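Given next are the chains, with one letter for each unit.
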Amino acid sequence: MASGSKNLDLINRLKAIECPDATYRPKDAPLVMERAKGSEVYDADGKRYIDFCAGFGALPLGHNAAPLLDVCSQYVSKPIPPIEHAMGDVYPSTAKIDFLETMKSCLPKSMAMGAVALSGGQSCELALKTALLKTKKAGFIAFEQCYHGLDLGVLPLTFRHDFKDPFSHWFPDAAVVHLPFNCKRETLKEAIRNLSSTSAGFAGVIVEPLQGRAGVIVPDDGWLKSVVDETHENQGVVIFDEVFTGFGRTGRFTYAEELTPDLVAFGKAIGGGFPISALFGTAETMSAWPESPGEALHTGTFFGHPFSAAVGAATMRAIRDQNLCHRSKALGRKIMSELQSWKISSSKIKSIRGQGLMIGIEFNELGFAAAIMNQARAKGLIVLPSGPTSSVLSITPSLNISESLVDEGLEIVRSML
Ligand SMILES: Cc1ncc(COP(=O)(O)O)c(C=O)c1O
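About the cut-offs
- Residues numbered from 1 in each chain as written.
- Predicted model: local features only at pLDDT ≥ 70, side-chain atom pairs only at ≥ 80, totals over all residues.
- Heavy atoms only, no water.
- Salt bridge = Lys/Arg side-chain N within 4 Å of Asp/Glu carboxyl O.
- Core = buried A, V, L, I, M, F, W, Y, C linked by side-chain atoms within 4.5 Å.
- Buried < 20%, exposed > 50% of the residue type's maximum accessible area, 1.4 Å probe, protein only.
- Helix = DSSP H or I, 4+ residues; strand = E, 2+ residues; numbered from the N terminus.
- Contact = heavy atoms within 4.5 Å.
- Near = heavy atom within 4 Å.
- Polar contact = N/O pair within 3.5 Å; in protein donor to acceptor, adjacent residues only side chain to side chain.
- Areas by Shrake-Rupley, 256 points an atom, 1.4 Å probe, with all protein chains shown as cover.
- Nonpolar A, V, L, I, M, F, W, Y, C, P; charged D, E, K, R; others polar.
- Expected span 1.5 Å × (residues − 1).
- Pairing = 2+ DSSP bridges.
- Axes fitted to C-alpha atoms, helices over the stretch in contact; angles between N-to-C directions.

Q: Could you clarify how one ought to interpret the pattern of salt bridges in this entry?
A: Oppositely charged side chains can pair when the atoms bearing their charge come close. Using the criterion set out here, one finds 15 salt bridges in the structure. One salt bridge in this structure joins Arg353 and Glu362, with 3.0 Å as the shortest N-O distance. Salt bridges here are not isolated pairs; linked through shared partners, they connect Arg185, Lys189, Glu230 and Glu233.

Q: Please explain the nonpolar core as it appears in this structure.
A: Nonpolar side chains in soluble globular proteins tend to end up buried together. The biggest cluster of nonpolar side chains holds 79 residues, and the ones touching the most others in it are Phe99, Met103, Ile141, Phe143, Phe247 and Ile361. The element that contributes the greatest number of residues to this core is helix H11 (residues 324-345), accounting for seven residues. Once residues within four sequence positions are removed from consideration, Met103 is found in contact with Phe247, Phe266, Ile270, Ala278, Phe280 and Met316. Ranked by size, the runner-up nonpolar core spans 23 residues in total, among them Ala117, Phe140, Ile206 and Leu279.

Q: Hey, could you run me through the site of the ligand in this one?
A: Taken together, Ser119, Gly120, Gly121, Tyr147, His148, Gly149, Glu208, Arg213, Asp241, Val243, Phe244 and Lys268 are the residues near the ligand. One nitrogen or oxygen atom from the side chain of Asp241 is found 2.7 Å from a nitrogen atom belonging to the ligand. Here the ligand loses 83% of its free accessible area of 390 Å² to cover by the protein chains. A per-class count over the shell around the ligand returns three nonpolar, five polar and four charged.

Q: Could you clarify how one ought to interpret helix H5 (residues 120-135) in this entry?
A: A turn of α-helix holds 3.6 residues, and therefore any two residues three or four places apart point the same way. If you check H5, its first and last C-alpha atoms are 23 Å apart, about what 16 residues at 1.5 Å a residue would give, namely 22 Å. Looking only at H5, the buried set comprises Gly120, Gly121, Ser123, Cys124, Leu126, Ala127, Leu128, Thr130, Ala131 and Thr135. Lys136, located one to two residues past H5, shows a positive phi value of around 60°.

Q: Hey, could you run me through the sheet that holds strand S1 (residues 33-37) in this one?
A: Neighbouring strands of a sheet are bound in pairs by backbone hydrogen bonds; such pairs are parallel or else antiparallel. Strand order in the open sheet formed by four strands is S1-S2-S3-S13, with mixed pairing between adjacent strands. Among the strands making up the open sheet, the edge pair consists of S1 and strand S13 (381-382). Pairing analysis gives three bridges linking strand S2 (residues 40-43) to strand S3 (residues 48-51), with the strands arranged antiparallel. Across the sheet, residue Tyr42 finds its bridge partner in S3, namely Arg48.

Q: Before we go on, may I ask you to explain the sheet that holds strand S9 (residues 263-266) in this structure?
A: The sheet built from seven strands is open, its strands ordered S4-S10-S9-S8-S7-S5-S6 with mixed pairing. Two strands close off the open sheet at either side, each with one partner strand: strand S4 (113-117) and strand S6 (176-179). Strand-to-strand twist across the sheet, computed as the mean angle between neighbouring axes with direction ignored, equals 20°. By the bridge criterion, three bridges tie strand S8 (residues 237-241) to S9 in an arrangement that is parallel. Counterpart to Ile239 in the pairing with S9 is Leu263. Strands strand S5 (139-143), S6 and strand S7 (202-207) of the sheet are contacted by helix H7 (residues 185-196), whose axis makes an angle of about 155° with S5.

Q: Teacher, can you tell me more about the environment of Val90 here?
A: Residue placement: Val90 occurs in the loop between helix H3 (66-77) and helix H4 (94-106). Taking the C-alpha atoms as reference, Val90 lies 27 Å from Val76; in sequence the two are 14 residues apart.

Q: So what exactly am I meant to see when it comes to the side chain of Thr102 here?
A: If you trace the backbone, Thr102 turns up in helix H4. The class of Thr102 is buried, set by a relative accessible area of 4%.

Structure (structure tokens):
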């Protein structure tokens, strides 16, 4: 087979069987991932890539990290291997209990109680249901360009119309108001007043403390606190969506270390690459849920899946014990200062923004980051565009990526400016 042809052949096989929307099929330099270790990925033709995306942020320790391999080896080495499915809401597994306790040990005391799900969208949905139960109201405020997942329960909250419009006839009356991210407190106050006067009423606010998919947008100092305060003054529930930012990505476990949300939705990083997510909240808010009479009010067949829970717990322990929040902050600062120096000499760059290892390079030209994504792939770098006009290049590598790989990846980006 000619060089590069295995990728192409596999993409064509996929095209023949998969829903056309499900996978991006680039015309040039197709990439089918086959193997990976740390922050290096190999495609089906054996070509190497540096990974600046880390599975959309779901691989804080990189690919095939030690915790995952340790859990795998437990399965093969013990005479009686650990449990692989534990009837989630009926009979828990030891792994789920360890997962929740480990998670709690990383969070501030106010985050007293949690519940698990599988994806980030599902943890946001759990947050919505909790707020609905607590307030008995149905109206939510979210922010322009926000992303909270694409499942139907959370789709009305997600901002982008290209994601929503084909399905909006399913939720015509969903009471969601979108305000500008960084809006004035007065604007929020007025929106809460208006929502409160409708039959839906005001249930709460859902906010990403730093908007990721929107193009790495950092709020002004003090803005998040004003959102929390105004919501609480109006008896609403404050939900932080930390599916992307949580567990080290922005240099902290959660913004609840500094502020007082009622609920925080987590996903991505807490599974170390495996599908598990969780909602944590204050005891008072989470107590809106009734005691399970034997059949939970909210569950799923695979909720708290023991294998995912075991990998997730080991991943969170590694983030905590290896102080990777600190590393994320320090390495992020170093990368941002390097990028700021590029900005001085490149007219293509409009701004550099981010916190920790959630970094965005905003370009002046719309669509430029999408073009870079494609060229970078050909040069051996996996990196994604973000923002509604694909003019921001997102850099979200694993928290333990080596500095030499960072330098090598940045050099590929620089060569395209
Ligand atoms: C902030 C935020 N919330 C929710 C989600 C949805 O997570 P998932 O794709 O795991 O459902 C994402 C995914 O990118 C996200 O960035």
